[in-house]
Every structure is written in structure tokens, then in C-alpha cells.
Amino acid sequence: MSKTANADELEEIRESFRKVDIDDNGYITACELGNLFREVGCHVAGYQLRELLQKLDHDQDSQISFEEFTEIYKKLKADPVADGFRKALNKKEGIVAIGGTSEISSEGTQHSISEQERFAFANYINSSLEDDPDCQPLLPINPNTEELFTAMSDGILFCKLINLSVPDTIDERTINKKKLTRFTIQENLNLALNSASAIGCQVINIGAQDLKEGKPHLVLGLLWQIIKIGLFADIELSRNEAIAALLEEGESLEDLMKLSPEELLLRWANFHLRKVGMSISNFSGDIKDSKAYFHLLEQIAPDGSKEEMPRVDIDMTGVYEKDLTKRAELMLKQADRLGCRQFVTAADVVGGNSKLNLAFVATLFNKHPALTKPEDQDWTLTTETREERTFRNWMNSLGVSPHVHHIYGDLQDAMVILQLYEKIKVPVDWDSRVNQPPFKGIGGGHLKKMENCNYAVELGKNKAGFSLVGIGGQDLYDGNATLTLAVVWQLMRRYTLNVLEDLGHGEVAGDDLIISWVNKTLAEAGKSSSIKSFKDKSISTSLPVLELIDAIQCQSVNFDLVKTGSLEDEEKLDNAKYAISMARKIGAKVYALPEDIVEVNQKMVMTIFACLMGRGMKKA
């Protein structure tokens, strides 16, 4: 088992740590633990408190660091004393404990939901989709009740939010919108889950039934992933060159590109706050008094220099309000004047809810970045390729940690690649062969990262049987685009074929087997299409894909929407968009993009047919 936690687990751990670390000094003391238990009415004897502290405090310095807390957190369920601690956390700050009932979602476990998140997400959906006629029967959602979970249960709002975050992910023609039945609701939820996976959401432990039943922790978790992807979409250098203004002395553009959106947002906030002699280190404890927010709003408010953005003078008198909640409310009134009063309430600011405050700051950045691209820079940025985006989304959907934002920089220490080996059933010796972060030493742990990269290549050659001629650990460490993608592609291909082998009771899967199955299935269904290879030009029309979908699920495709004959590229793309969404709608987890079909991208086309074969074999 990997010793790393996925992104969602790390967020949960960080949020729990923050709840206990009352003074925000980065450590938990016995006093803070005791105060927490007393606050929630849970009496814990002194000796029990000391036992728990000893379990956590590995270096015996009488205080618990975040690293120590992270290491022990997953083990809390097994210990009676620690279980009381976990339950106490769930009672604090609007956290409601609920039991898991779905087999997919770890039956019998306890999950926690945040009432603040439910409130924030309901309001976000109301404001973002209020003008969509398809959503109006479901809106507005009452944020003060559990209506959100009912509203999301037919899949329509999920599909709409996915398209809001990553436009054109779902072909609107494939969403079932009227006279919904149990079957058409299932299709919508399949479409939403598989499309969410395709844009990089982790949905492995979420089933359509979970969403239909409105399991709060799963609905909120998926909503946050979808919303965050949309909020972070433009917070990267290749999509917003003005971010180069955040370069610090001695840094290169490559250094800036390696920063995550969260890190860039923190740097952006401090870029503006430095002008008034301030700085913050987080979006939880450091913003509770609203002072940083007041000054940030003042710095980013439009000055009237752009005709389309009238001048806004921020009223700073609220800074002197002594009551923190009232001060936060006054600050949010100023944010509202900038069109940015989203995600947080005054209580969320004062309570330091890191997730919702992060969303609030992302909204500020997206609407009022107040950055100017440096004029003295002579550089050309390369944008993420379609292939890179597909691979990145695939990796993230599997729950790798850290979350992959920039494919080459985030694979440099091989930790993600080693996790992917486990996903394809190649054992990894985490204890003896893998250097775990944080990497320390010369050059930021250069040698330790190199050792990991060498081990990753060794596993590929000796255990996975990959073709890695001319590829070494140095290539992964250096971020050699061609060679790194060659490794990732073989991992993705093996992952896809493993699914087929599992369904086929161990039969070795390969290109010939898939092509044979496709043609046999098409012929048995009386379809006219067939393919000779994954380079077959006829695939560019999407007709073989659509007819295969219809063969797997009879009468699922509306062929009145399919363009035939001699097609222009635009018409082929229209067919391809429909085909990709239809594949996801019938339950195939397709990562490829419509352009891959039109261009007959051999590698991605293979994954489409393999995923459809997997769906067909499940049905059989």
C-alpha cells in the first residue's frame, strides 16, 4: 500500500488539524486537545489524553506537527480513545457525522459533511445556473435545508456544472431532461460520473446509486471537485500570462509553472498585500480577522482605467469594527460591490474554513486579478497539449497524490508514477526502494528524486514489461516531454487492458482481441460498420463508435442527430462530441476527446473501443 494520501484525504486531514490547532501555530498541544473534548461535551480522562498524545507525538516534543497528525489520522478508527477524538472533530464547527450505507462508499464507515459547504454550494448553483431553462424546475435550492441532495439526484445539475467548469465536456443532446424515469436518471448519473472522471475528478468510490440517494458526503465531495476545477481553470501561467508578474527574484518561468493553483493564489494575495506591508501564509487562520481581505479588496478594485469596469472605492472603515463577525460581514459587502460575494459567509471567514475561503479567493482572482504581464520578458509559453491534458485527467481521476497540475513538474519525483504502477498491479517496494517526500538535501533532494525515477524505469522494464528503450530515470526527472509521455501512455494502456482481462477471466487483451470483438459485436447487431485497425479512416466519422454504442445498448443512439455522407471536419466533430458523451452515458469511462476521433488518434481511439468493449462485456 502506498503511504501517500489522496488529495481529498489530505484536505480532510488538514481541515481536522485546523479545527484542533486553535492558536494556528502549526502544532497541537495537550491543552488544545483537552479544550476540544470539553467543548463538545466529551469527557476524556487525563491519562487517556496523555496516551493519545503519545501515540501522535513521535518525536516526543510534547506537540503534534501536521506530519505526525497525518501519519496517525487514518488509524484513528481502530482505537477507542482516538475514535472519541474523531467523533469530537465531526461535531465541531458545523460538521455533521453520518453513516455510510453504500457498498461502493465503504459500508458502515462514518463520514462527515459540512453544513457550511452545503450552504455555499447550493448558493453557487443557484447563482450560476439560474438562467439555464433546463435547471429552472430544480432551482432555487434552499441552502438552509438538505434540498441540495434531492436536487442533484437526477444528474441534470451535475451535468450542467461539469459543462460550466469545463465547457463542452458533455454534449447537451445526450442529457435526459424531460419525463425522467428510473432508467433515464441512471443514464444521466452515468454521464455525469464518467464525464467528471474525464475532467480529472476522482469518482472511484462513488456510484450512480449514491448520487441518486443523495449521500451527502459523496455529493458534496464530487461537487467540490467539479467546482474547484472550474475555479482553478485560468489560474495557470499558460492560460494567463499576466501571472508572470508574480515572479520573484531568482525565479524562472519554469519555477512559477510548477506552483499549484493554491500556491499561486497565496502568492497573488501576498503580491497585493505587500503594497500595504502585509502578508499571509494560509487561507484559514490568517484571514479570520478580515483585515487581509479588506486590504486585498482595496488593491484589486477597479480604478476606472478600463471603460467596461467603473471605478470602485472600497470602504475601509469596517476594518475598525471590533466584532469579528460584523467586520467580516462589512468586508463581504465590499466584495459584493466587486461581484465576488460567493462561497463564504461571515461565519466561514471568522471560522477560517480553508476550503470555502480558497474558493472565495479564487473568485476574486478570476474576476479582478489586477496583474499586468511584464513587458521586459522575452519568452513564449507552450500551452498544455490535448494528449497531456488527457493523461493528467486520467491520473487525477485515479486519486494520485499529489494532484497533478503540471504533468512534467509533478512527475519529477516519480511518486505519482509509482502509484500508477500499483494501479496496474505492479508491486512497489515503498519501504526499501522509495524515497518519501519531503525531499531534503542537495538541490532540493535531487538524488533522492533521481533514485525514485530510476526505480520507476526499472519497474517498467523488469516488472511491467514496458518498451522503454532509450528511456532513463534522468528523462523523467528532467521532464522530457516525449519520453515521459511514453511511460505514462504505457501505464494508461495497461490499466485499460487490465480491466478487459479482469472481465474476460484472465484472457490476454490486446489490439487484435479488441478489434475482433468490435467487428463481431457490430455484425451480430446488424450494423454496417467495421474497422480494420485503430487507424481506420472511417472512424473519423464516428459512425463505427456510435453503431457500437447502439449495439451494446439497443436504441440508445438517436441516429437522426448523426451526420452522414461526405462530412466536413466541423460535422465530424459534431458527431464525435455526441459519440463521446453517448459512450459515457451508457457507462463507459472514456477519457479521449472528440478531436481524437476526428483525427483518428490511434492511441486514444484504442482506449475508446477498449472501454466500450469493457462495457459490453459487463452487460454480457
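What counts, and at which threshold
- Residues numbered from 1 in each chain as written.
- Predicted model: local features only at pLDDT ≥ 70, side-chain atom pairs only at ≥ 80, totals over all residues.
- Heavy atoms only, no water.
- Core = buried A, V, L, I, M, F, W, Y, C linked by side-chain atoms within 4.5 Å.
- Buried < 20%, exposed > 50% of the residue type's maximum accessible area, 1.4 Å probe, protein only.
- Axes fitted to C-alpha atoms, helices over the stretch in contact; angles between N-to-C directions.
- Helix = DSSP H or I, 4+ residues; strand = E, 2+ residues; numbered from the N terminus.
- Parallel < 35°, antiparallel > 145°, perpendicular 65-115°, else oblique.
- Left-handed = near helix turned anticlockwise from the far one by under 90°.
- Contact = heavy atoms within 4.5 Å.
- Nonpolar A, V, L, I, M, F, W, Y, C, P; charged D, E, K, R; others polar.

A. Summary view of the nonpolar core. By size, the foremost hydrophobic cluster in this structure holds 92 residues, and its most contacted members are I125, L148, L222 and W268. If you look at the next biggest cluster of nonpolar residues, it comprises 82 residues, including I407, C453, V557 and V590.

B. Spatial organisation of the packing of helix α23 (residues 511-524) against helix α24 (residues 543-552). With their axes 9 Å apart at the nearest point, α23 and α24 run at an angle of 65 degrees to one another. By the criterion of interaxial angle, the relationship of α23 to α24 is roughly perpendicular. Crossing geometry of α23 relative to α24 is assigned as left-handed. When α23 is examined against α24, the residues W517, V518, T521 and L522 are found in contact with a partner set consisting of P544, E547, L548, A551 and I552. Broken down by class, the residue content of the contact of α23 with α24 amounts to 7 nonpolar, 1 polar and 1 charged.

C. Representation of α24. Counted residue by residue, α24 has 8 buried out of 10 residues, so it is predominantly covered. Turning to α24, its buried residues are P544, V545, L546, E547, L548, I549, D550 and I552.

D. Inspection of unusual backbone geometry at higher detail. Here the amide bond leading from L139 into P140 is cis, since omega sits at 0 degrees, within 30 degrees of zero. Within the fold, P140 resides in the loop between α6 (115-129) and α7 (147-151). S401 connects to P402 through a cis peptide bond whose omega is 5 degrees. Mapped onto the secondary structure, P402 falls in the loop between α18 (386-397) and α19 (415-423). At D168, a residue that is not glycine, the phi angle is positive and equals roughly 70 degrees.

E. Broad picture of the environment of V488. Structurally, V488 can be placed in helix α22 (residues 481-503). On the basis of relative accessibility, which here comes to 0%, the residue V488 falls in the buried class. With residues up to four places along the chain from it excluded, the contact list for V488 reads F391, W394, M395 and L411.

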